[in-house]
Every structure is written in C-alpha cells, then in structure tokens.
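Residue strings, one per chain:
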Amino acid sequence: MNKRLLLLSVLSTVLIFTGCNSVGDKSANVSFVYLLSFIVSLFPIFAYCFAKRKKEPWFIALFSAISIVNFGYTVLAFSNTVESALWGNRIAYLGSAFLPIAMIMIFLNVTNTAYARYLPYILSAIAFAMFIIAASPGFSDIYYKEVYLIKVNGATVLEKVYGKWHILYLYYLILTFVAMLSITIRALTAKRLSSRLHAVFLFISVFVNTSVWLIEQFVHIEFEMLSVSYIITELFLLAISFMTYENPQPETMKIVKSSGEMQATEEAKSSEITDEQIDTFKMGAETLTKTERIIYTMYTEGESTKSIMNKLNIKENTLKYHNKNIYGKLGVRSRKQLLLIFKHINGENQ
C-alpha cells in the first residue's frame, strides 16, 4: 500500500512538472525545461505498466498523449525557423487533440458506463479532424491567419493571428468537459460508482478543467494552465483505478481468501431450498427492472456471460453491477443458486 502511495506521489510531481506549458500559444520557459519535461514525461508510461496488474489501454493512451505534447513543446522551443516551429506546434496538437478522448473513455470505463462499440472510433475521428484543423497553419489560414517567431526566456514561441476556425478547438474542449460531467452525473444517479469517493474525484476532475478554462478566457496567463488541469484529472483517475483494481477492501479480501469455503457452504445449502427463499425469489422477480429482467431471462435460458455481454453490448463491470442488483432482489448469492431455485419453482409449477 505504501509503495503504491509513493508511486502516485512521484507521478503527481512528475506530471505536474511536465504540464505547465502551452501548445505553441503563449510564453514559454527556457528551452532545456521543455527538453527535461519531455524526458520526464516518459517515466509515467513505464511506471504505470510496471505498477498496474490490470492495465487500461486508455490510461496508456493518456500518458502517451502527454509525452507527445511535451515533445512538441521541445521541438517548438528549439526551433529557429517558422517551418520547424509549426511542426513542433503540430506535434503538440497531436497529443492535445487526442488527450480529451482518452479522458472520456477513462470516465466511461471507471463509471462502468455501457457504450456502443463504435464510439471510440467516432471520438477518435473527431479528434483527428480537430488535429487536422489545428495542424493546418503553413498550409492554410483557417486556424492561424499569420504566424511569426519570437524568443521568450531563451525559447522560441509562435506569435499568431487567429483564423476563423480557431474557435472550433474551444468548442471541442467545452464538449469534452460537458461529456465527462454528464457521464459522472449519470453514473452517480444510476449508482454505478463503487463509492462516493469515486464520484467526488470525478466531479473534482471536471470542475478543475472547467474552472481553468473559464479563468483563461478572462485572465491573461503566461502559459496555458489547461494542460495542468488535464494532468490533475489524470491523477484523480489513476487514484480511482488503483483503489478499484489494486486495493480491495478488507471485506473483499476476506471473501477472496475464503472463496473455496464459501463455495462449499453454498453448495451444501443450495440443495435445501426453503419456502422463505422461494417467496423472496418470487417477490424479487417482480421488482426487476427491464434490463435486469432481460439478464435474468438469459440466465434461465442458459446464456453464457460472454454471450450476454455481446448481445446487450455491455462490459463485464456493467454486468457485475446488474448481477449484484439481481441477486440482492432475488435473495441469492450466485448464478448457480439462482438457477437452482428457478428450476425448483418451475418443477413445482409443472
């Protein structure tokens, strides 16, 4: 536990250090800071891969996006020509455009929210379109009408006159904030979050991003704080990920350790079905929601877990959430006991 907390502390320091610059837009620090930021930004990827047992691809995508952004900062900072500076700017926007998409996907996964299989492809296509628009300077004036180089504290900075399509990137950020907030509220009302602490972390993540963006619209800041807010969001999501997958509660650990014992006890009791269990089962079946009823019917028809997830287009965590509700209403502890009582009742009715 202490090692994991230490790891999160190190990641916090590293990531906050790497995110305090702009995407080729505002003043920069000295060039070597950008270079150091890029080098340090590579460590979280390796740290996450070694520290996590169950690795989430979208977390890796998020870390990678931060590294790409910092690499773009470095190229821009050391540029001596407009052309090379624009290439640095494009690289930075490549990471910045895809970073919000990774965050949205992490929000969906953390909150156990079901989504269509094609959603990641649609979001990625939108991110790619935003990148193409942001990368257009040098080829088109839709994003920047004019650009020229200046030196600030030893680093190259792009000064520009915004084009008519520049506003699209701001709309893009707003929509991602709204999407994350909506996902969190929906998950909270549907009770899909593991704890209230998870909900608090998610709300803070969205609040920080939204607040920083609003502040930047009215207050002149020498560097873009939005990159820092993204990293803060990432840290909150990492904390949730570690709590969910790496640090089970003591009660859960006890269940895991005594799983064999519980299974033996359950098998012994399952053959003795009481009238009280039957009554609870029947009354609980009447209270199942539409989705729970569908899953319940699939179970009684012998559908496998994989088949149910494919037919309903839901994830394993979502199915587990529904199972918990179904078992609680029916007064059973497992799918096996559910089927035993169901068969017993049907046998009596035949």
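Provided above is the structure to which this section pertains.
The structure presented is a predicted model; accordingly, all values stated were derived computationally and were not measured.

The rules we used
- Residues numbered from 1 in each chain as written.
- Predicted model: local features only at pLDDT ≥ 70, side-chain atom pairs only at ≥ 80, totals over all residues.
- Heavy atoms only, no water.
- Patch = residues over 30% accessible without salt bridge, like charges linked within 9 Å, V, L, I, M, F, W, Y side chains within 5 Å.
- Areas by Shrake-Rupley, 256 points an atom, 1.4 Å probe, with all protein chains shown as cover.
- Salt bridge = Lys/Arg side-chain N within 4 Å of Asp/Glu carboxyl O.
- Buried < 20%, exposed > 50% of the residue type's maximum accessible area, 1.4 Å probe, protein only.
- Helix = DSSP H or I, 4+ residues; strand = E, 2+ residues; numbered from the N terminus.
- Pairing = 2+ DSSP bridges.
- Core = buried A, V, L, I, M, F, W, Y, C linked by side-chain atoms within 4.5 Å.
- Contact = heavy atoms within 4.5 Å.
- Axes fitted to C-alpha atoms, helices over the stretch in contact; angles between N-to-C directions.
- Parallel < 35°, antiparallel > 145°, perpendicular 65-115°, else oblique.
- Left-handed = near helix turned anticlockwise from the far one by under 90°.
- Nonpolar A, V, L, I, M, F, W, Y, C, P; charged D, E, K, R; others polar.
- Phe/Tyr/Trp six-rings, centres within 6.5 Å; stacked < 30°, edge-to-face > 60°.
- Arc of directions from axis to C-beta.
- Expected span 1.5 Å × (residues − 1).

Asker: Pulling in residues and values, what's your account of a nonpolar patch on the surface?
Answerer: Together, Leu35, Ile39, Phe43 and Phe78 make up a nonpolar patch on the protein surface, roughly 390 Å² of accessible area in all. Residue class for Ile39 comes out partly exposed when judged on its relative accessible area of 41%.

Asker: I'd love a proper account of the environment of Ala125, names of residues and values included.
Answerer: Along the chain, Ala125 turns up in helix α6 (residues 119-134). Residue Ala125 is classed as partly exposed on the basis of its relative accessible area, which comes to 47%. Distance in space between the C-alpha atoms of Ala125 and Phe98 is 9.7 Å, their sequence separation being 27 residues.

Asker: So what's going on with the pairing of strand β2 (residues 155-162)? Residues and values would help.
Answerer: Of the pairings in the sheet, the one linking strand β1 (residues 144-152) to β2 comprises eight bridges and is antiparallel in character. Residue pairing across strands places Glu146 opposite Val161, the latter belonging to β2. Counted between consecutive antiparallel strands, the loop separating β1 from β2 contains two residues, among which Asn153 sits at a positive phi close to 55°.

Asker: I'd like to hear about unusual backbone geometry, residue by residue, with values.
Answerer: Glycine aside, residues mostly have negative phi, and peptide bonds are mostly found in the trans state. For Asn313, which is not glycine, the phi dihedral falls at a positive 55°. Here Asn313 lies in the loop between α14 (305-312) and α15 (316-330).

Asker: Describe the nonpolar core, and please don't skip the residues or the numbers.
Answerer: Where a protein is soluble and globular, its nonpolar side chains tend to be buried together. By size, the foremost hydrophobic cluster in this structure holds 36 residues, and its most contacted members are Tyr93, Tyr143 and Tyr169. Those elements that place two or more of their residues in this core are α3 (43-51), α4 (57-77), α5 (82-110), α6 and α7 (167-189). Here this core takes 12 residues from α5, the largest share from any one element. Ignoring anything within four residues of it in the chain, the contact list for Tyr143 reads Tyr93, Ile133, Ala134, Ser136, Pro137, Tyr162, Gly163, Trp165, His166 and Tyr169. Of all hydrophobic cores here, the second largest spans 19 residues; its members include Ile278, Phe281, Tyr299 and Ile308.

Asker: Can you lay out the pattern of salt bridges for me, pointing to particular residues and giving the numbers?
Answerer: Using the criterion set out here, one finds three salt bridges in the structure. We note a salt bridge from Glu303 to Lys311, for which the minimum N-O separation is 2.7 Å. The salt bridge involving Lys320 is made with Glu316; its shortest N-O contact spans 3.5 Å. Taken as a pair, Lys320 and Glu316 lie in helix α15 at a separation of four residues, close to a single helical turn.

Asker: Give a detailed account of the packing of α5 against α7, specifying residues and quantitative values.
Answerer: Between α5 and α7, whose axes approach to 9 Å, the crossing angle comes to 15°. Our classification of the angle between α5 and α7 gives roughly parallel. α5 and α7 meet at a crossing whose hand is left-handed. Taking contact as the criterion, the partners of Tyr93, Ser96, Ala97, Pro100, Ile101, Met103, Ile104, Phe107 and Leu108 in α5 are, on α7, Tyr169, Tyr172, Leu173, Thr176, Ala179, Met180, Ile183 and Thr184. Looking at side-chain class alone, the contact of α5 with α7 contains 14 nonpolar, three polar and no charged residues.

Asker: I'd like a rundown of the packing of aromatic side chains, residues and numbers included.
Answerer: Inspection of every chain in the model, using the stated rule, returns nine aromatic pairs. Between the aromatic rings of Phe38 and Phe71, the centroid separation amounts to 5.1 Å while the plane-to-plane angle is 50°, which identifies the pairing as tilted. With a gap of 33 residues between them, Phe38 in helix α2 (residues 31-41) and Phe71 in helix α4 connect regions that are remote in the sequence. Ring centres 5.2 Å apart and planes at 85° place the aromatic pair Tyr93 and Tyr169 in the edge-to-face group.

Asker: Now, about helix α13 (residues 290-300): what can you tell me, with residues and values included?
Answerer: Given 3.6 residues per helical turn, the α-helix brings residues three or four places apart onto the same face. Regarding α13, the residues found buried are Glu292, Ile295, Tyr296, Met298 and Tyr299. Down the axis of α13, the buried set is contained in an arc of 160°. They therefore lie on one face. Looking one or two residues beyond α13, the residue adopting positive phi is Gly302, at roughly 85°.

Asker: Got a sec to walk through the environment of Thr291? Specific residues and values, please.
Answerer: Mapping Thr291 onto the fold places it in helix α13. Among the residues examined, Thr291 registers a relative accessible area of 34% and is labelled partly exposed. Along the chain, Thr291 and Leu312 lie 21 residues apart, while their C-alpha atoms are 9.1 Å from each other.

Asker: I'd like a description of α7, backed by residues and values.
Answerer: If you check α7, its first and last C-alpha atoms are 33 Å apart, about what 23 residues at 1.5 Å a residue would give, namely 33 Å. Of all the positions in α7, only Tyr169, Tyr172, Leu173, Thr176, Phe177, Met180, Ile183, Thr184 and Ala187 are classed as buried. Positioned one or two residues after α7, Lys191 has a phi angle of 60°, which is positive.

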